[in-house]
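Structure at a glance
The residues making up each chain are set out below.
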Amino acid sequence: MPGIIGKKIGMTSLFTADGKYTPVTLIQAGPCVVTQVKTVETDGYAAVQLGYGDKKLKRVTKAEAGHYKKANTSAKKKVAEFDTEGVSLNLGDTVDVNLFEEGEFIDVVGTSKGKGFQGVVKRHNFAGVGGQTHGQHNRARHPGSIGACSWPSRVFKGMRMAGRMGGNRVKIQNLTVVRVIADRNLLVVSGSVPGAKNSYVLIEK
């Protein structure tokens, strides 16, 4: 199985077996239910749809309710597809944190924290104008010039400017599984993962 859906609990730190002080992220990984199995014959590709987190039945459409009924499970808050080449799973099967082993490398996909409309210093790491002398007036965090005048008479595409920041899909690769706490469905991962507390993440092997 190539992955699982989880929820970011938060960050803490611990000492590894060799005495190294390591910042870690706690992720509640699963249990997830197989809500749909896609095959090459019927869908053109092989994949499995997993559902995570129970939701009240009245909060889903009738089409969604029928979809979950086929898998003989409750409505789910989060669903995601994973590639299943060489893996055999059936409708209604459960995938849990025992999928992972301590010491292996994983990728974590999440939605980064939304920062709203931000300026160029925060968004693109501009240095700002600098000193407060030589006639500089109220320009410390401004973007400066965005192009020439008569040529090209336009602003080039991709010019770094102020704008909406964050809220993007971000994948962090090669994080180490420090611990697997199976009885609480917890995965302890080295370093940080994108997203706020209680946000959903996809954990890929």
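Keep in mind it's a predicted model, so treat the numbers as computed, not measured. (Residues numbered from 1 in each chain as written. Predicted model: local features only at pLDDT ≥ 70, side-chain atom pairs only at ≥ 80, totals over all residues. Heavy atoms only, no water.)

1. Quick notes on the overall build of the chain
The helix and strand inventory of the chain stands at three helices and twelve strands. Whereas a compact globule of 205 residues would reach a radius of gyration of roughly 17 Å, the chain reaches 23 Å, over 25% beyond that. With 205 residues in all, the chain has 32% of them scored as buried. In the chain, the proportion of contacts linking residues at least 24 apart, taken out of those at least 6 apart, comes to 70%. For the chain, the separation between the mean place of its 30 positive charges and that of its 16 negative charges on side chains is 18 Å. (Helix = DSSP H or I, 4+ residues; strand = E, 2+ residues; numbered from the N terminus. Rg over C-alpha atoms; globule rule 2.2 N^0.38 Å. Buried < 20%, exposed > 50% of the residue type's maximum accessible area, 1.4 Å probe, protein only. Contact = heavy atoms within 4.5 Å. Lys, Arg positive; Asp, Glu negative; His and termini not counted. Charge placed at Lys NZ, Arg CZ, Asp CG, Glu CD.)

2. Things to note about the domain arrangement of the chain
Quite often, the size of an interface is put as the accessible area lost when its parts meet. If you check the domain split of the chain, you get domain 1 (4-117 + 171-204) and domain 2 (118-165). Of the residues lining the interface, five residues belong to domain 1; the matching set on domain 2 comes to six residues. Per-residue buried area on domain 1 facing domain 2 is highest for Lys-115, Gly-116 and Phe-117; these three make up 97% of the total on that side. The interface formed by domain 1 and domain 2 contains zero salt bridges. Remark: the boundary between domain 1 and domain 2 carries four residue pairs in polar contact (both at pLDDT 80 or more). (Domains from an automatic or database assignment. Buried area = accessible area lost by both parts, 1.4 Å probe. Salt bridge = Lys/Arg side-chain N within 4 Å of Asp/Glu carboxyl O. Polar contact = N/O pair within 3.5 Å; in protein donor to acceptor, adjacent residues only side chain to side chain.)

3. Comments concerning the pairing of strand β7 (residues 105-111)
Of all the seven residues making up β7, five are buried; the element is thus mostly covered by neighbouring parts of the structure. Pairing of β7 with strand β10 (residues 169-181) involves six bridges; the strand directions are antiparallel. Paired with Val-109 across the two strands is Lys-171, which belongs to β10. Sheet analysis places β7 next to strand β12 (residues 200-204), joined by three bridges and oriented antiparallel. Bridging from a neighbouring strand, Asp-107 pairs with Glu-204 of β12. (Pairing = 2+ DSSP bridges.)

4. Observations concerning unusual backbone geometry
Note that the residue after Trp-151, namely Pro-152, is joined by a cis bond; omega there is 5°. When you line up the elements, Pro-152 lands in the loop between α3 (120-124) and β9 (163-165). At Asn-72, a residue that is not glycine, the phi angle is positive and equals roughly 55°. Note that Asn-72 resides in the loop between α2 (62-70) and β5 (75-83). Take Asn-72: its relative accessible area is 73%, and that puts it in the exposed class. Located in the positive-phi region is Asn-174, a residue other than glycine, with phi close to 60°.

5. Observations concerning the packing of aromatic side chains
Taken as a whole, this structure holds three aromatic pairs when the rule is applied. Considering the side-chain rings of Phe-15 and Tyr-21, the 5.2 Å spacing of their centres and the 55° angle between planes classify their relative orientation as tilted. Each member of the pair, Phe-15 as well as Tyr-21, is classed as exposed. (Phe/Tyr/Trp six-rings, centres within 6.5 Å; stacked < 30°, edge-to-face > 60°.)

6. Looking at the sheet that holds strand β11 (residues 186-190)
Paired through their backbone hydrogen bonds, the strands of a sheet run either parallel or antiparallel. The six strands lie next to each other as β1-β2-β11-β10-β7-β12, forming a closed barrel whose pairing is antiparallel. On average, adjacent strands in this sheet sit at an angle of 50° to one another, irrespective of strand direction. (Axes fitted to C-alpha atoms, helices over the stretch in contact; angles between N-to-C directions.)

7. Some points on the confidence of the model for the chain
The pLDDT averaged across the chain works out to 91; a share of 100% of its residues lies at or above 70. When mean pLDDT is taken per element in the chain, strand β8 (residues 116-118) scores highest with 97 and helix α1 (residues 40-43) scores lowest with 88. (pLDDT = per-residue confidence, 0-100.)

8. Considering a positive patch on the surface
A cluster of like positive charges, contributed by Lys-113, Lys-115, Lys-122, Arg-141 and Lys-197, occupies part of the molecular surface. Turning to its location among the elements, Lys-197 is positioned in the loop between β11 and β12. Owing to a relative accessible area of 63%, Lys-197 belongs among the exposed residues under this scheme. (Patch = residues over 30% accessible without salt bridge, like charges linked within 9 Å, V, L, I, M, F, W, Y side chains within 5 Å. Areas by Shrake-Rupley, 256 points an atom, 1.4 Å probe, with all protein chains shown as cover.)

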